[in-house]
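This is what each chain is made of:
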Amino acid sequence: MMDVSGVGFPSKVPWKKMSAEELENQYCPSRWVVRLGAEEALRTYSQIGIEGTTTTRARATRKSLLHVPYGDGEGEKVDIYFPDESSEALPFFLFFHGGYWQSGSKDESAFMVHPLTAQGVAVVIVAYGIAPKGTLDHMVDQVTRSVAFVQKRYPSNKGIYLCGHSAGAHLAAMMLLADWTKHGVTPNLRGFFLVSGVFDLEPIVYTSQNVALQLTLEDAQRNSPQLKVAQAQPVDPTCRVLVVVGQFDSPEFHRQSWEFYQTLCQGEWKASFEELHDVDHFEIVENLTQKDNVLTQIILKTIFQ
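Note that the structure is a prediction, hence the values are computed from the model and not measured.

Definitions and cut-offs
- The numbers attached to residues start from 1 for each chain and follow its sequence in the written order.
- Per-residue local features are limited, in this predicted model, to residues with pLDDT of at least 70; the limit for side-chain atom pairs, both in listing and counting, is 80 or more; totals at the level of whole chains, interfaces and linings are taken over all residues.
- Each side-chain value is worked out from all heavy atoms of the structure, with water and hydrogens disregarded.
- Secondary structure elements follow DSSP: runs of H or I no shorter than four residues count as helices, runs of E no shorter than two count as strands, and numbering proceeds from the N terminus.
- For every element, the axis is a line fit to its C-alpha atoms; helices are fit only across the contacting stretch, and the angle between N-to-C directions ranges from 0 to 180 degrees.
- The hand of a helix crossing depends on one turn: near helix anticlockwise from the far one by less than a right angle means left-handed, and clockwise means right-handed.
- Only heavy atoms enter the contact rule, under which two residues are in contact if any of them lie within 4.5 Å.
- Note on residue classes: Ala, Val, Leu, Ile, Met, Phe, Trp, Tyr, Cys and Pro are nonpolar, Asp, Glu, Lys and Arg are charged, and everything else, Gly too, is polar.
- Criterion used throughout: strands pair if DSSP finds at least two bridges between them.
- Here a crossover is taken to be right-handed if, once the strands point away from the viewer, the path from the first strand over the helix to the second is traced clockwise.

Caption draft 1: Representation of unusual backbone geometry within the structure. For the bond from Ala-131 to Pro-132, the omega torsion is 5°, close enough to zero to count as cis. Backbone geometry at Tyr-100 places phi at a positive 55°, although glycine is not the residue there. With respect to the helices and strands, the residue Tyr-100 is situated in the loop between strand 3 (92-96) and helix 3 (113-117). The residue Asp-278 is not glycine, and still its phi comes out positive at about 65°. You can see Asp-278 is positioned in the loop between strand 8 (270-276) and helix 10 (283-286).

Caption draft 2: Inspection of the packing of helix 4 (residues 136-153) against helix 5 (residues 167-174) at higher detail. Relative to each other, helix 4 and helix 5 sit at 65°, their axes nearing to 9 Å. Handedness of the crossing formed by helix 4 with helix 5: right-handed. Residues Leu-136, Met-139, Val-140 and Val-143 of helix 4 touch helix 5, and the partners they reach there are His-170, Leu-171 and Met-174. Within the contact of helix 4 with helix 5, the residues separate by chemical class into 6 nonpolar, 1 polar and no charged.

Caption draft 3: Representation of the pairing of strand 8 within the structure. Looking at chain direction, strand 7 (residues 240-246) and strand 8 are connected through 7 bridges and run parallel. Pairing of Arg-240 across the sheet is with Lys-270, part of strand 8. Each parallel crossover has a hand, and for strand 7 linked through helix 9 (residues 251-266) to strand 8 it is right-handed.

Dropping the structure here:
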């Protein structure tokens, strides 16, 4: 890994002044967890995700379609969970998991299924081809196709809402820039929930996360919504974009979220920003298993406003 401190970057960007060690630290979310050790935080996160997903599946009352292909590629599948009422005129909530584009899966990411389906929202958990097998460009393409797939399959939906956590928030944010004409459909996008995300990928190039990703500087810039979203036109000006970060996320994650929110405001996006009190990078999404959780309530209010 290279030391970025002496590379002659413009000094107004704080990460460019950091030592390689400090940059690594800033982009390692488990090191900022207050309540548990780093390894235990990751283990708990995985365990809650698996329990939330399998117990959701085990519920006889929860109708679901599992491993539905949205493309021909290996792993291009979604799990769709439905509320009790059998109608296709439902709001659809699509979730893209985190894991730095190189770990995690849909099979341990159904945190929010129970509280949302209980209120009449269909939930779609999306799988995509993680690194090192999948490239970032390919992941963005997969996620775009998953959104188009849901729109085509459920054309009478009452709105499609995209939510991503961490790397998944980056993939969701890239949908603000998608060229839907290529996919023959304009999805009825009504809201985005970007949770503890990374929106400028350049710093990632200089961390150990890039061993699996193999991003060049050009790849990072091409896939950085922070650099492009101010110039993009919202398909629907009423579509809401909520940028959320946890109190115990690292300073760099805070900066990334705040600057992305500001960039959205410079464009014509209907953006808002929320720092959630007393949660870290993992709790912020783990807590979506609870119906009275702040973020769960924000999501439901946005959908049913």
